[in-house]
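# Structure at a glance
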Amino acid sequence: MIKVSVIGATGYAGAELLSILYRHPQVNVVHITSESHTGEKISELYPHFNSLYENELESLKDIEAIGADSDFVFIALPHGHAMDVALKLKELPTRIIDLGADFRFGDTSIYEKWYKVEHIYKDAARVYGLAEIYREEIRTAKIIGNAGCFTTASILALAPLAKHHLIDVNSIIVDAASGVSGAGRGLKLGNHFPELYDNFKAYNVAHHRHTPEIEQAIEDLSGMKTIINFTPHLVPMSRGILATCYANLKSDISAEMIEPAFQKMYGNEKFIRILGNGAYPETKFVRGSNYCDIAWHIDERTQRVIVLSAIDNLVKGAAGQAVQNLNIAAGFEEDTALDFVPIYP
């Protein structure tokens, strides 16, 4: 058994993480925190935890003691806060899995440019927490920067094409639509039911902070400087992401070369389901699961490949991915506590 703590347990990602960890046979959740609900029981805020979790929420004022009592600490806080937590745990053997953005970038200047926050832990070695691509680095990492939700769907869709040099990486366009839980539990006018229901909208066009995260991974895979267009959309559903990714095929690449690239990279992956050429992933088919469903279409008229991927933004896009990273880092079977069937309908 290992001891884990969840910092910021009352957001949607934190609550999803607790749900998954409850199933984990080799994990004991020892501390959970919330600054706005310190002293309350998690089951009072999330009644679906009644009789499952009766833990009282603690304060970050005790983070050193919490870290000393934990093998792993999950941080599910807004960007800008995990750095301070990590600094306070720097001298402890405690390992960190950050569900926010603070440790997703090898180059902290990119983080500072896009997030408008000074990075106060520049010297920290960190690994990008997307298991299917950075698995070996995750095994020994002190700090794991869990991949974002839009980025997970987009990078996994494009990775085989970039790695095998089948596309022009500077022709990539990603349109991705997310359920509203991706915006968090805080009250916002745009997420209010009358504003959201029966509506479909784009936002943060050309400025979304997941853009450089996707570019970073594509550059790692292809070895080439990459600039993409990424446009996020909001749809009136609680969870799920569908990413539609476009790229120009290189002139000497045929449609028959696409499937072998996906099979070579993902053929043995537990959480990637290759639906193949001409298929259509749907968010409902991955709902509540750690799966990523991927399919592609070839537009011979424009010589483009269009890759579709679907994930649950709170599981494979957040908490499930974090537990997958935990399993790798702790030496457990990678699908421990994650081998559940998607919820349908």
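Look up a bit, the structure's there.
Residues numbered from 1 in each chain as written. Predicted model: local features only at pLDDT ≥ 70, side-chain atom pairs only at ≥ 80, totals over all residues. Heavy atoms only, no water.

When helices and strands are counted, the protein shows 11 helices and 13 strands. Taking the principal axes of its C-alpha atoms as reference, the protein extends roughly 60 × 45 × 40 Å. A burial count over the protein gives 55% of its 345 residues as buried. In the protein, once contacts between residues fewer than 6 apart in sequence are set aside, the share between residues at least 24 apart is 70%. Summed over all atoms, the accessible surface of the protein reaches about 14,900 Å², with 51% contributed by carbon and sulfur. Positive and negative charge centroids in the protein, built from 31 and 43 side chains respectively, lie 2 Å apart. (Helix = DSSP H or I, 4+ residues; strand = E, 2+ residues; numbered from the N terminus. Buried < 20%, exposed > 50% of the residue type's maximum accessible area, 1.4 Å probe, protein only. Contact = heavy atoms within 4.5 Å. Areas by Shrake-Rupley, 256 points an atom, 1.4 Å probe, with all protein chains shown as cover. Lys, Arg positive; Asp, Glu negative; His and termini not counted. Charge placed at Lys NZ, Arg CZ, Asp CG, Glu CD.)

A complete count under the given rule lists 13 aromatic pairs for this structure. Considering the side-chain rings of tyrosine 22 and tyrosine 53, the 5.8 Å spacing of their centres and the 65 degrees angle between planes classify their relative orientation as edge-to-face. Of the two residues, tyrosine 22 is situated in helix α1 (residues 12-22) and tyrosine 53 in the loop between α2 (42-45) and α3 (63-68); the sequence distance between them amounts to 31 residues. Here the aromatic residues Tyr22, Tyr46, Phe49 and Tyr53 are joined through ring pairs into a cluster of three or more. Sitting above the plane of the phenylalanine 340 ring, arginine 23 keeps its charged end 4.3 Å from the centroid. Above the face of the tyrosine 46 ring, arginine 185 is positioned so that its terminal group lies 4.2 Å from the ring centre. (Phe/Tyr/Trp six-rings, centres within 6.5 Å; stacked < 30°, edge-to-face > 60°. Lys NZ or Arg CZ within 6 Å of the ring centre and 35° of its normal.)

Within the open sheet, the 6 strands sit side by side as β2-β1-β3-β4-β6-β5. Their pairing is parallel. The sheet terminates laterally at β2 (27-33) and β5 (127-129), the two strands that pair on one side only. Each strand axis lies, on average, 25 degrees off the axis of its neighbour in the sheet, ignoring direction. One ladder, built from 6 bridges, connects strand β1 (residues 2-7) with β2; its direction is parallel. Of the residues in β2, the one forming a bridge with serine 5 is histidine 31. (Pairing = 2+ DSSP bridges. Axes fitted to C-alpha atoms, helices over the stretch in contact; angles between N-to-C directions.)

Backbone-to-backbone hydrogen bonds pair the strands of a sheet. The strands run either parallel or antiparallel. If you trace the 7 strands from one edge of the open sheet to the other, you get β8-β9-β7-β10-β13-β12-β11, paired in mixed fashion. Pairing within the sheet leaves two strands with one partner each, and these edge strands are β8 (201-202) and β11 (272-277). In the sheet, β8 pairs with strand β9 (residues 229-234) via 2 bridges, with the strands oriented antiparallel. By the bridge assignment for β9, lysine 201 is matched with leucine 234.

We now examine the pairing of strand β10 (residues 241-248). As paired elements, strand β7 (residues 173-178) and β10 share 6 bridges and run antiparallel to each other. Across the sheet, isoleucine 173 pairs through a bridge with tyrosine 246, a residue of β10. As defined by bridge partners, β10 adjoins strand β13 (residues 304-311) across 8 bridges and the pair is classed as antiparallel. Paired with threonine 244 across the two strands is leucine 308, which belongs to β13.

With that settled, consider helix α5 (residues 108-115). Considered for burial, the residues of α5 that qualify are Thr108, Tyr111 and Tyr115. Along the axis of α5, the buried residues cluster in a sector spanning 50 degrees; they form a single face. Tucked into the core, α5 has its buried residues touching α4 (82-88). In the segment just after α5, lysine 116 is the residue with positive phi, at about 60 degrees. (Arc of directions from axis to C-beta.)

Here we come to helix α6 (residues 131-138). Counting buried positions over the 8 residues of α6 gives 6, a clear majority of the element. The complete set of buried residues in α6 reads Ala131, Glu132, Ile133, Tyr134, Arg135 and Ile138.

The next subject is the pattern of salt bridges. Side chains that differ in charge, positive against negative, can pair when their charged atoms come close. Going through the model one piece at a time under the given rule, you end up with 16 salt bridges. For arginine 104, the salt bridge goes to glutamate 213, with nearest N and O atoms at 3.3 Å. Pair noted here: arginine 104 is in the loop between β4 (95-98) and α5 and glutamate 213 is in helix α9 (residues 211-222), with a separation of 109 residues, a long-range link. The class of arginine 104 is buried, set by a relative accessible area of 7%. Where aspartate 293 meets arginine 273, a salt bridge forms, and the shortest distance between an N and an O atom there is 2.6 Å. On the criterion of sequence distance, the pair formed by aspartate 293 in strand β12 (residues 292-299) and arginine 273 in strand β11 is long-range, its members being 20 residues apart. The class for arginine 273 is partly exposed, based on a relative accessible area of 28%. Overlapping salt bridges bring together Glu16, Arg239 and Asp312 as one network. (Salt bridge = Lys/Arg side-chain N within 4 Å of Asp/Glu carboxyl O.)

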